[in-house]
Amino acid sequence: DEELSPSALRALSHAKRFARGRSAEAADLIDLLAGLLAEDESHASLLLHSRALHVEELLSELGVPQSPASDPVDELPLSQRLAAVVSRARQLAVTYSRLEPACSEELLVGLLTEWPEAAKVFERHGVDGLALLSEYHARKQPGLIPVDAEDIVATQADVTERMDVARILDANRNRAREALR
């Protein structure tokens, strides 16, 4: 999938393995969370680990095994909720970078957006999920372009000239309409 980065694809693969370890029929949101944490070098994992997230306690609370199943699970489907998270991650990538594929950080933000309870789960384990969302959006927002004051000032002559052009165009439109009658 070209719309997801290699780290996002690995996180989804880990999520499917965690789902298989739970004997689930489809990978779900808790599996994605475990998959993001299992992908050691992804930006999302580094972000969460830098905030001293208590991973073992979190996985235990969610009922996810500490390590994923080792068998290949490409055929395991994604739940509707997880598919919505992936879709949201793709939307975020397009919104902020246009050309870059969605990475693990967009999956994490999509998870927090589509699964509001995730912020509460993070909070119980020492991470402020809402702050993560705010920081992501603040970091990704394009900066303001400075505009010189002289570029903003519109003179009376500019306004008058534009009004004259608008009147000419309106008069021509009226003449054309009358000619068609």
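Whatever comes next refers back to the structure up there.
An account of the accompanying structure is given in this report. Here the residue index of a chain counts from 1 through its sequence in written order. The predicted nature of this model means local features are confined to residues of pLDDT at least 70 and side-chain atom pairs, given and counted, to a pLDDT of 80 or more, with totals for whole chains, interfaces and linings taken over all residues. Side-chain measures were taken over the full set of non-hydrogen atoms in the model, leaving aside hydrogen atoms and water.

**Quick word on the overall build of the chain**
Secondary structure elements follow DSSP: runs of H or I of four or more residues count as helices, runs of E of two or more count as strands, with numbering from the N terminus. Within the chain one finds ten helices and zero strands. Starting at the N terminus and walking to the C terminus, you meet the elements of the chain as α-α-α-α-α-α-α-α-α-α. Exposed residues in this analysis have more than 50% of their type's maximum accessible area, buried residues have under 20%, and partly exposed residues fall in between, with area computed by a 1.4 Å probe over protein chains only. A total of 181 residues make up the chain; the buried ones form 36% of that total. In this analysis, two residues are considered to be in contact whenever any of their non-hydrogen atoms come within 4.5 Å of each other. In the chain, 70% of the contacts between residues at least 6 apart in sequence involve partners at least 24 apart. Accessible area for the chain stands at about 11,100 Å²; split by element, carbon and sulfur atoms hold 54% of it. For the area figures, the Shrake-Rupley method with a 1.4 Å probe applies, and any residue is considered shielded solely by the protein chains shown.

**Considerations on the environment of Val 85**
Of note, Val 85 is situated in helix α5 (residues 80-97). For Val 85, a relative accessible area of 0% translates into the label buried. For the pair Val 85 and Glu 106, spaced 21 residues apart in sequence, the C-alpha to C-alpha distance is 9.0 Å. Setting aside residues up to four positions removed in sequence, Val 85 forms contacts with Leu 29, Leu 32, Leu 107, Gly 110, Leu 111 and Glu 114.

**Notes on empty space enclosed by the protein**
Definitions used throughout: a 1 Å grid over protein atoms alone; a cavity as a set of points that fits a 1.4 Å probe which cannot get out; a pocket as an open set with protein on both sides within 12 Å along at least five of seven lines; a lining residue as one with an atom within 4 Å of a point. Grid points are joined across faces, edges and corners, and a volume is the space filled by probe spheres set on the points. One pass over the full model with this rule turns up one cavity of 30 Å³ or more. Counted as a void, the largest cavity has a volume near 30 Å³. Taken together, Leu 47, Glu 105, Leu 108, Val 109, Leu 112, Leu 132, Leu 133 and Tyr 136 make up the lining of the largest cavity. Looking at the lining of the largest cavity, the elements with two or more residues in it are α6 (104-114) and α8 (129-140). Tallying contributions element by element places α6 first for the lining of the largest cavity, with four residues. In terms of residue class, the lining of the largest cavity is built from seven nonpolar, no polar and one charged. Ten residue types, Ala, Val, Leu, Ile, Met, Phe, Trp, Tyr, Cys and Pro, are classed as nonpolar, four, Asp, Glu, Lys and Arg, as charged, and the remainder, Gly among them, as polar.

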